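Chain by chain, the residues:
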Amino acid sequence: MMAISGPAGDALKALTSEQIAFLQNLPKELARQYRTSSPAYEMISNDAIQAGIDILLSGPTLNELHDFFDLFPAIYALMTAPPALACAVRAVLSLFLDGEHPQCTYLELRTTPKVTPEMSREEYLRVVLDQIKVYGTDRVGLIVSMDRKMGPEAMHECVELAKSLKMEGEPVVGVDLCGDPTAGDPATFRTYFKDAKEAGLGITLHIAETMYNTSEDTLQLLSFSPDRLGHATFLDDEAKKIVAEKNPCIEICLSSNLLCKTVPTLEAHHIRHYLKHGHPIAICTDDILPFHTSLLGEYALLLAPEPLGLGLSEEEVRAISKMSMDCRFVPKS
């Protein structure tokens, strides 16, 4: 398994063996994991992208959120052929679902289908689904992500593929809006998410990730009636009121927020707002490779004593785990 370091690693070191065993045995759902993992990078032979891979494997220094998005070209360069994509997906699934203590009970894997010289978007998704079916639909579901930089044709194709694959009985459970949080016009995304919701797909949206996201942007996205919200770090009072009323689950990525410096400390993290108000949350890893974390590490950040963690009790952590399971997307007819 990849070495855990940074905030999650420090939190794990602060726990007793009994506390680690408690976390390992909790039923956990992982709502936010992408198809990147360190085992896939051992296939690299292209010097043009090796430098970017070396940075990923050693643990990149992130001064702000956009430094994270600058890492993506090295990741995408690996996934142009079906065997490489299948290898990466297998590695991620194994990392979370295999072993004596699987990291989660149910995994929702996300991927943005790409057109490559060797794959169409449909072929890309079928490669991913073939690997998911090895573990069974009771353990894994697929969320089709759409990048905010996509044009209308690409977004339409992604939603139509998600709908048609779901109709075939494939374990496609939802769609996601992701990518550079300042790109695109949310008003142009509405029709695609409306279509997805009407088809019974779960809706999750990256929202208010940076201080540069405008109130208009956030309110537009909330008007899509999403089931879950990714990050939701910089909601203003009006948005918080809507979120409290509509009650979408908040996908919390503690290490990601700390390392991308969208929050300064755990003490200042917005998870405390949602815990205080009893709002549903799901603990997530975001991308395990650049953040050198795991689901166990993210749960360690809940349980570890302050300032290395939030200092929650085991019962509080158990309740959060149940919220994550309750908010998972399940196939809908």
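Everything discussed here concerns the structure shown above.
Here's a quick rundown of the structure. (Residues numbered from 1 in each chain as written. Predicted model: local features only at pLDDT ≥ 70, side-chain atom pairs only at ≥ 80, totals over all residues. Heavy atoms only, no water.)

## Looking at the environment of L97
- When you line up the elements, L97 lands in helix α6 (residues 82–97).
- The exposure class of L97 is buried, given its relative accessible area of 2%. (Helix = DSSP H or I, 4+ residues; strand = E, 2+ residues; numbered from the N terminus. Buried < 20%, exposed > 50% of the residue type's maximum accessible area, 1.4 Å probe, protein only.)

## Brief notes about helix α1 (residues 6–13)
- All of the buried residues in α1 are P7, A8, G9, A11 and L12.
- Where α1 is buried, its residues meet α2 (17–24), α12 (254–259) and α15 (295–303). (Contact = heavy atoms within 4.5 Å.)

## Considering unusual backbone geometry
- With an omega of 5°, the peptide bond running from E306 to P307 counts as cis.
- Residue position: P307 is located in the loop between α15 and α16 (314–326).
- Within the chain, S225 stands out as a residue other than glycine whose phi angle is a positive 55°.
- Note on placement: S225 falls in the loop between α10 (215–222) and β6 (228–231).
- Judged by its relative accessible area of 37%, S225 falls in the partly exposed class.
- One non-glycine residue, H231, lies in the positive phi region at around 75°.
- Within the secondary structure, H231 is located in strand β6.
- The class for H231 is buried, based on a relative accessible area of 4%.

## Some points on the nonpolar core
- Residues L23, L93, F96, V175, F193, L302 and V317 are the most contacted members of the largest nonpolar core, which totals 89 residues.
- The leading source of residues in this core is α6, at 9 residues. (Core = buried A, V, L, I, M, F, W, Y, C linked by side-chain atoms within 4.5 Å.)

## Overview of the packing of α15 against α16
- Interhelical geometry of α15 versus α16 gives an angle of 140° and a closest axis separation of 9 Å. The pairing of α15 with α16 is recorded here as oblique in orientation. For α15 against α16, the interelement crossing comes out right-handed. Across the interface between the two elements, Y299, L302 and L303 of α15 pack against E314, V317, I320, S321 and S324 of α16.
- Of the residues assigned to the contact of α15 with α16, the class counts are 5 nonpolar, 2 polar and 1 charged. (Axes fitted to C-alpha atoms, helices over the stretch in contact; angles between N-to-C directions. Parallel < 35°, antiparallel > 145°, perpendicular 65-115°, else oblique. Left-handed = near helix turned anticlockwise from the far one by under 90°. Nonpolar A, V, L, I, M, F, W, Y, C, P; charged D, E, K, R; others polar.)

## Some thoughts on the state of the cysteines
- If you walk through the whole model with that rule in mind, you get 0 disulfides.
- Cysteine C178 shares no disulfide, and the gap to the nearest cysteine sulfur, in C158, comes to 9.4 Å.
- In this structure C253 is a free cysteine whose sulfur lies 4.9 Å from that of C284, the closest cysteine sulfur available.
- Look at C253 and you get buried, because its relative accessible area is 1%. (Disulfide = S-S within 2.5 Å.)

## Let's talk about the environment of G9
- Looking at the secondary structure, you find G9 in helix α1.
- Given a relative accessible area of 5%, G9 falls into the buried group.
- For the pair G9 and H292, spaced 283 residues apart in sequence, the C-alpha to C-alpha distance is 8.4 Å.

## Considerations on the pairing of β6
- Across 4 bridges, strand β5 (residues 202–207) lies against β6 in parallel orientation. Bridge pairing in β6 links I207 to H231.
- Where β6 lies against strand β7 (residues 249–252), 3 bridges are found, and the strand directions are parallel. In the strand pairing of β7, L229 is matched with I250.
- Following the backbone out of β6, through helix α11 (residues 237–246) and into the adjacent parallel β7, one traces a crossover that is right-handed. (Pairing = 2+ DSSP bridges. Right-handed = clockwise from strand over helix to strand, strands pointing away.)

## Examining the pattern of salt bridges
- On inspection of all chains with the given rule, the structure shows 17 salt bridges.
- Salt-bridge contacts for E306 lead to R272; the nearest nitrogen and oxygen are separated by 3.1 Å. Within this pair, whereas E306 is found in the loop between α15 and α16, its partner R272 is found in helix α13 (residues 271–276), the two being separated by 34 residues in sequence.
- Residue class for R272 comes out partly exposed when judged on its relative accessible area of 25%.
- Bridged by salt links that share partners, the residues E108, R110, D176, R228 and E251 form one connected network. (Salt bridge = Lys/Arg side-chain N within 4 Å of Asp/Glu carboxyl O.)

## Points about the packing of α6 against helix α7 (residues 121–135)
- It is at 9 Å that the axes of α6 and α7 come closest, and there the two elements cross at 35°. Between α6 and α7 lies a crossing of right-handed hand. Side by side, α6 and α7 meet where P82, L85, A86, V89, R90, L93, S94 and L97 of the first sit next to Y124, V127, V128, Q131, I132 and Y135 of the second.
- Class assignment for the residues of the contact of α6 with α7 results in 11 nonpolar, 2 polar and 1 charged.

The values are spatial; any link to function lies outside them.
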